[in-house]
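Tertiary structure, described
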Amino acid sequence: MTTTAGPDSRDAWLVVIDPQHIFASPDSAWGSPFFDDAMGNIRRLADGFGDRVLVTRWLPTADRSTSWGDYLDAWPFADRPADDALFDLVPAARGLSPHPTLDLPTFGKWGAELEAVVGHGAPVVLAGVSTDCCVISTALAAADAGARVTVATDACAGSTAENHAAAVQVMSLYPPQITVAETSALLSR
């Protein structure tokens, strides 16, 4: 993986995507075996970004008359009330941000709600799970909206090592709107 330039962490926001039990637990069909390693780097980044950290959560609250109904039919274990403990943040993610979590029923977390916090055209660093679903969906939408996106590759966890690498490869095709870097490089800026 080639590390490319990205935003200075003094100006950027860190967006931590979906650090929830549903994506962390080895008992979950969506649990990433790389979650704990990514979480260590997320903590390092959050310490460096101070109060410019925003945490998101995926909730199964989408309109069931849309393709989300089909999706939840395909993954019935996730079709639970939004207040189910499976959707809680993992203990290591609690306290990462002084801001309320941004709870959305979508893969991608970029939209008016997130942009209202970080600002239009803002530099953002993305971390979280899963690289090959919610992270890539957020990165592409943010780039289309004009944000300056850096993906902290070692602070992301994919569903598999191969899927993580494939998603990073795809996102690395979008410079200068999307750049990729590792945690140490981001913290040294």
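The rules behind the values
Residues numbered from 1 in each chain as written. Predicted model: local features only at pLDDT ≥ 70, side-chain atom pairs only at ≥ 80, totals over all residues. Heavy atoms only, no water. Buried < 20%, exposed > 50% of the residue type's maximum accessible area, 1.4 Å probe, protein only. Helix = DSSP H or I, 4+ residues; strand = E, 2+ residues; numbered from the N terminus. Pairing = 2+ DSSP bridges. Right-handed = clockwise from strand over helix to strand, strands pointing away. 1 Å grid on protein atoms, 1.4 Å probe; cavity = no way out; pocket = protein on both sides within 12 Å on 5 of 7 lines; lining within 4 Å. Points joined across faces, edges and corners; volume = space filled by probe spheres on them. Nonpolar A, V, L, I, M, F, W, Y, C, P; charged D, E, K, R; others polar. Polar contact = N/O pair within 3.5 Å; in protein donor to acceptor, adjacent residues only side chain to side chain. Phe/Tyr/Trp six-rings, centres within 6.5 Å; stacked < 30°, edge-to-face > 60°. Contact = heavy atoms within 4.5 Å. pLDDT = per-residue confidence, 0-100.

**Regarding the pairing of strand β6 (residues 178-181)**
Burial along β6 is two-sided: Ile 178 and Val 180 facing one way and Thr 179 and Ala 181 facing the other are all buried. Where strand β5 (residues 148-157) meets β6, 4 bridges bridge the pair, whose relative direction is parallel. Bridged to Thr 150 within β6 is Thr 179. You can see the chain leave β5, run along helix α6 (residues 161-171) and come back into β6, and the turn it takes is right-handed.

**Considerations on the layout of surface pockets**
In this model, the largest pocket occupies a volume close to 240 Å³. Taken together, Phe 23, Ala 29, Trp 30, Gly 31, Trp 58, Tyr 71, Trp 75, Phe 107, Ser 130, Cys 133, Cys 134 and Ser 159 form the lining of the largest pocket. Here the residues of the lining of the largest pocket sort into 9 nonpolar, 3 polar and no charged.

**Quick notes on the side chain of Thr 150**
Here Thr 150 is to be found in strand β5. Its relative accessible area of 0% is what places Thr 150 among the buried residues. Here the side chain of Thr 150 touches Thr 179 through a polar contact of 2.9 Å, side chain to side chain.

**Re the packing of aromatic side chains**
Here the structure, examined in full by the defined rule, presents 11 aromatic pairs. Judged by centre distance (6.3 Å) and plane angle (75 degrees), the rings of Trp 75 and Phe 77 are edge-to-face. Overall, Phe 77 belongs to the partly exposed group, its relative accessible area being 23%. Pairwise contacts between aromatic rings join Phe 23, Trp 30, Trp 58, Trp 68, Tyr 71, Trp 75, Phe 77, Phe 87 and Phe 107 into one cluster.

**Regarding the environment of Arg 44**
Note that Arg 44 resides in helix α2 (residues 35-49). The exposure class assigned to Arg 44 is partly exposed, which follows from its relative accessible area of 36%. Here the alpha-carbon distance between Arg 44 and Ser 184, two residues 140 residues apart in the chain, equals 9.0 Å. In this structure, Arg 44 is in contact with Thr 183, Ser 184 and Leu 187, ignoring residues within four places of it in sequence.

**Details of the confidence of the model for the protein chain**
Across the protein chain, pLDDT averages 94, with 95% of residues at or above 70. Under a pLDDT of 50 for its full length, residues 1-6 has, in the predicted model, 18 contacts with residues more than four places off or in other chains.

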